[in-house]
Amino acid sequence: MNEFNTYEFVVNRKKEGKYKLSLFLGRAAVILVFVIIAVVLCVCNMPMLVAIEFPLIPVGIYVAKLFTQEYEYSMTSGIMTFSLIRGSSKRKKLLELMIKDFREIAPYDNRACGHLENIGIKKDYQLFSSPDAPDVYYGLFEKDGEMQVVYFEATQQALKILRFYNPATVVTNVSR
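So, here's what we can say about the structure. (Residues numbered from 1 in each chain as written. Predicted model: local features only at pLDDT ≥ 70, side-chain atom pairs only at ≥ 80, totals over all residues. Heavy atoms only, no water.)

### Some thoughts on the side chain of E70
If you trace the backbone, E70 turns up in strand β2 (residues 69-76). Buried charged residue E70 carries no salt bridge. Nearest counter-charge: R91, at 7.2 Å. What E70 contacts, discounting residues up to four positions off in sequence, is V10, V11, N12, R13, S83, L84, I85 and S88. (Helix = DSSP H or I, 4+ residues; strand = E, 2+ residues; numbered from the N terminus. Buried < 20%, exposed > 50% of the residue type's maximum accessible area, 1.4 Å probe, protein only. Lys, Arg positive; Asp, Glu negative; His and termini not counted. Salt bridge = Lys/Arg side-chain N within 4 Å of Asp/Glu carboxyl O. Contact = heavy atoms within 4.5 Å.)

Structure representation (structure tokens):
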């Protein structure tokens, strides 16, 4: 397929704020389950079953890995798809939009923040690695009669495709 018409980009969600806390608590819960099972088996005088628990450790590691998140942006033939990837294996499509349906695509800064507050956004999708990440853009669109916004990180190649399919949107140069 033509390189210009197809684009994929993945960002890892940075471990900060509530996400860092949820990662810690989720992984601690997985470890705690194994410890509780081992203690219960020892208290019930079944130490041989504790040895059976050790092969389950990779399952615990896999479950703990599911707490990590990545966001994938892909553009193919004028359709922009946003997906959530958990643990580098489980993929969930969050949003799929025609690029031409965006009312605005612009850098997210202080001016844009005030502008979006005045519009009355009903739903927002925060699909970036961090609010402090460079090159965070927003895309404003209408879905089901409500104004919604998606926040994402853009690259130079993404902006080329966005300009091609929706030249009326506001886009500028980025650092990537």
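Now that the structure is up, let's keep going.
### Here's the deal with the sheet that holds β2
Spatial strand order, β1-β2-β3-β4: 4 strands in an open sheet with antiparallel pairing. The two strands at the open ends of the sheet, each matched to only one other strand, are β1 (6-12) and β4 (90-98). Sheet twist, expressed as the mean angle between neighbouring strand axes with direction ignored, is 15°. Running over the sheet, helix α5 (residues 156-165) touches β1, β2 and β3 (79-86) and is turned about 135° from β1. (Pairing = 2+ DSSP bridges. Axes fitted to C-alpha atoms, helices over the stretch in contact; angles between N-to-C directions.)

### Overview of the nonpolar core
Judged by nonpolar contacts, the single largest core of 25 residues is most densely connected at Y73, M75, M80, F82, V150, F152 and L162. Contributions of two or more residues to this core are made by β1, β2, β3, β4, β7 (136-143), β8 (146-153) and α5. If one sorts the elements of this core by residue count, α5 sits on top with 4 residues. Residues contacting Y73, with those up to four places away along its chain left out, are Y7, E8, F9, V11, T81, F82, L127, F128, F152 and E153. Counting residues in hydrophobic clusters, the runner-up holds 11 residues, among them A106, L116, F128 and L140. (Core = buried A, V, L, I, M, F, W, Y, C linked by side-chain atoms within 4.5 Å.)

### Things to note about the environment of S77
By secondary structure assignment, the location of S77 is in the loop between β2 and β3. Each C-alpha atom, one on S77 and one on Y7, is 9.6 Å from the other, the two residues being 70 residues apart in sequence.

### Some words on the side chain of T81
Mapped onto the fold, T81 is located in strand β3. Since its relative accessible area comes to 11%, T81 is described here as buried. At 3.2 Å, the side chain of T81 and the side chain of E96 are in polar contact. With residues near it in sequence (within four places) discarded, T81 still touches E72, Y73, S74, K93, L95 and E96. (Polar contact = N/O pair within 3.5 Å; in protein donor to acceptor, adjacent residues only side chain to side chain.)

### A short note on the packing of aromatic side chains
One pass over the full model with this rule turns up 9 aromatic pairs. Ring geometry for Y73 versus F82: centroids 5.7 Å apart, planes at 70°, classification edge-to-face. With a relative accessible area of 1%, Y73 lands in the buried category. For F82, a relative accessible area of 0% gives the class buried. Between F102 and F141 the ring centres are 6.0 Å apart and the planes differ by 85°, which places this aromatic pair in the edge-to-face class. Here the residue F102 occupies a position in the loop between β4 and β5 (104-107), and F141 occupies one in strand β7, the gap between them amounting to 39 residues. Neither residue differs from the other here; F102 and F141 are each classed as buried. Clustering of aromatic rings is evident, with ring pairs tying together Y73, F82, Y137 and F152. (Phe/Tyr/Trp six-rings, centres within 6.5 Å; stacked < 30°, edge-to-face > 60°.)

### Let's talk about the pattern of salt bridges
This model, assessed by the stated rule, comprises 3 salt bridges. Notably, a salt bridge pairs E142 with R103, separated by 2.3 Å at the nearest N-O pair. Of this pair, E142 sits in strand β7 while R103 sits in the loop between β4 and β5, placing them 39 residues apart in sequence. Residue classification places E142 among the partly exposed residues on the basis of a relative accessible area of 42%.

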